[in-house]
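Here's the letter readout for the chains.
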Amino acid sequence: MTNDAYTLAGEAAAALRGAAGLDTFDVALVMGSGWVPAADALGETVSEIPFADLPGFRAPAVAGHGGKIRVVRTPSGRHALVLLGRTHLYEGLGVDAAVHGVRTAAAAGVRTLVLTNAAGGLRPETQNVGDPVLISDHINLTGANPITGTTFIDLTEVYSRRLRALVREIDPSLAEGVYVAFRGPTYETPAEIRMLRTLGGDMIGMSTVLEAIAAREAGLEVLGVSLVTNPAAGLSGDPLNHEEVLEVGRTTAARMGVLLAKVVDRL
Ligand code: 6GU
């Protein structure tokens, strides 16, 4: 194991504290594709720090993925770190780069992490495009793991039962599902999607699982929410495209933002 990645996260956290003028933060939220507009509903923006000003962060390469950390003060006076954009494993920068934001948030004092993503739906029988789904568990098929060495981390409850119950008190209509991650950047084949349905997956995407593992290593309580932006390959007859993913995010962003604001205020 190299400690460098953790040291770098500590340096980024120090830079973040300095830039924000705050010693600690209550919660961090990672906004996935199309979720960025939802950040506006969380509260008052205190400051915005471009990734370029923080050690170890890279401006994201993909359209719709932002590229800064926004410090938000919620109506109840909590401070949230809102990561507008994330680094994906498929960008080829390595697994440490993909979880650097989470490690930085943990080093900055955050105890709760909200991970959001855009995902393909594996259950079009019961899922509608635009539905948010609470992540109850995951299947990590990225082939990667942010932890190296001989520390065995328990993953019995990666996505906090307590936080899921809290969200469902706010919105009882929300479904729960198992999120499967592939490395990407290709979308899956119809045969792979049939396999994932057999394996018990409900959503498919290219993010979240490595961040959730890194968060559990750091002892954070994790909430995961997928926005189903399209049926996965072979389930609808239409080919997939990233623009469609972003468009669905934009049209449901307000609902998501209001939901997340309520969640953050009840943490
Ligand atoms: Cl169908 N697959 C993956 N891997 N990511 C997605 C997706 C599908 N739809 C949105 N994001």
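Predicted model, so just to flag it, every value in this text is computed and none were measured. (Residues numbered from 1 in each chain as written. Predicted model: local features only at pLDDT ≥ 70, side-chain atom pairs only at ≥ 80, totals over all residues. Heavy atoms only, no water.)

Asker: Is there a simple way to explain the pairing of strand β5 (residues 112-121) in this structure?
Answerer: Side-chain positions along a regular strand alternate between the two faces of the sheet. Within β5, 10 of the 10 residues are buried, which leaves it mostly tucked inside the rest of the structure. In this structure, strand β1 (residues 27-31) lies alongside β5, joined through four bridges in parallel fashion. Counterpart to Ala-28 in the pairing with β5 is Leu-113. As judged from the 10 bridges shared by β5 and strand β9 (residues 221-231), these two strands associate in the parallel manner. The residue of β9 that forms the bridge with Thr-112 is Glu-221. Bridging between β5 and strand β8 (residues 203-205) involves two bridges; their strand directions are antiparallel. Pairing of Gly-121 across the sheet is with Met-203, part of β8. (Buried < 20%, exposed > 50% of the residue type's maximum accessible area, 1.4 Å probe, protein only. Helix = DSSP H or I, 4+ residues; strand = E, 2+ residues; numbered from the N terminus. Pairing = 2+ DSSP bridges.)

Asker: What am I meant to see in the packing of aromatic side chains here?
Answerer: Any two aromatic rings considered together are summarised by their centre-to-centre distance and by the angle between their planes. Under the counting rule described, the total for this entry stands at one aromatic pair. Taking NZ or CZ as reference, Arg-103 lies 4.2 Å from the ring centre of Tyr-6, over its face. (Phe/Tyr/Trp six-rings, centres within 6.5 Å; stacked < 30°, edge-to-face > 60°. Lys NZ or Arg CZ within 6 Å of the ring centre and 35° of its normal.)

Asker: Teacher, can you tell me more about a nonpolar patch on the surface here?
Answerer: Among the surface-exposed residues, Leu-141, Met-195 and Leu-199 lie close enough to one another that they form a single nonpolar patch of about 250 Å² accessible area. Among the secondary structure elements, Met-195 is positioned in helix α4 (residues 190-198). Look at Met-195 and you get partly exposed, because its relative accessible area is 37%. (Patch = residues over 30% accessible without salt bridge, like charges linked within 9 Å, V, L, I, M, F, W, Y side chains within 5 Å. Areas by Shrake-Rupley, 256 points an atom, 1.4 Å probe, with all protein chains shown as cover. Salt bridge = Lys/Arg side-chain N within 4 Å of Asp/Glu carboxyl O.)

Asker: Is there a simple way to think about the nonpolar core in this case?
Answerer: A general feature of soluble globular proteins is that nonpolar side chains tend to end up buried together. Ranked by size, the top nonpolar core spans 41 residues in total, and within it Phe-25, Ile-69, Leu-81 and Leu-113 carry the most contacts. Among the elements that take part in this core, helix α5 (residues 209-217) stands out by supplying five residues, more than any other. If we skip the residues at most four places from it in the chain, Phe-25 touches Arg-17, Ala-20, Val-71, His-79, Leu-81, Ala-108, Gly-109 and Val-110. Counting residues in each nonpolar core, the second largest holds 26 residues, with Leu-84, Leu-166, Leu-174 and Val-263 among its members. (Core = buried A, V, L, I, M, F, W, Y, C linked by side-chain atoms within 4.5 Å. Contact = heavy atoms within 4.5 Å.)

Asker: I would appreciate a short explanation of the UniProt feature "binding site: phosphate" (unreviewed entry) in the protein in the present structure.
Answerer: Within this structure's numbering, the places UniProt gives as "binding site: phosphate" (unreviewed entry) are Ser-33, His-65, Arg-86, Thr-87, His-88, Ala-118 and Ser-207. With respect to the helices and strands, Arg-86 occurs in the loop between β4 (79-84) and α2 (95-107). At 2.9 Å, the side chain of Arg-86 and the backbone oxygen of Thr-116 are in polar contact. (UniProt positions renumbered as here; feature names shortened; annotations may be inferred. Polar contact = N/O pair within 3.5 Å; in protein donor to acceptor, adjacent residues only side chain to side chain.)

Asker: Mind showing me how you'd approach the packing of helix α1 (residues 4-20) against α2 here?
Answerer: Packed helices, taken two at a time, are described by the angle their axes make and the gap between the axes. At a minimum axis separation of 8 Å, α1 and α2 run at an interaxial angle of 55°. Here α2 runs oblique to α1, going by the angle between their axes. Both α1 and α2 take part in a crossing whose hand is right-handed. Where α1 approaches α2, its residues Ala-5, Tyr-6, Leu-8, Ala-9, Gly-10, Ala-12, Ala-13, Leu-16 and Arg-17 are matched on the opposing element by Asp-96, His-100, Arg-103, Thr-104 and Ala-107. Here the contact of α1 with α2 is composed, by residue class, of eight nonpolar, three polar and three charged. (Axes fitted to C-alpha atoms, helices over the stretch in contact; angles between N-to-C directions. Parallel < 35°, antiparallel > 145°, perpendicular 65-115°, else oblique. Left-handed = near helix turned anticlockwise from the far one by under 90°. Nonpolar A, V, L, I, M, F, W, Y, C, P; charged D, E, K, R; others polar.)

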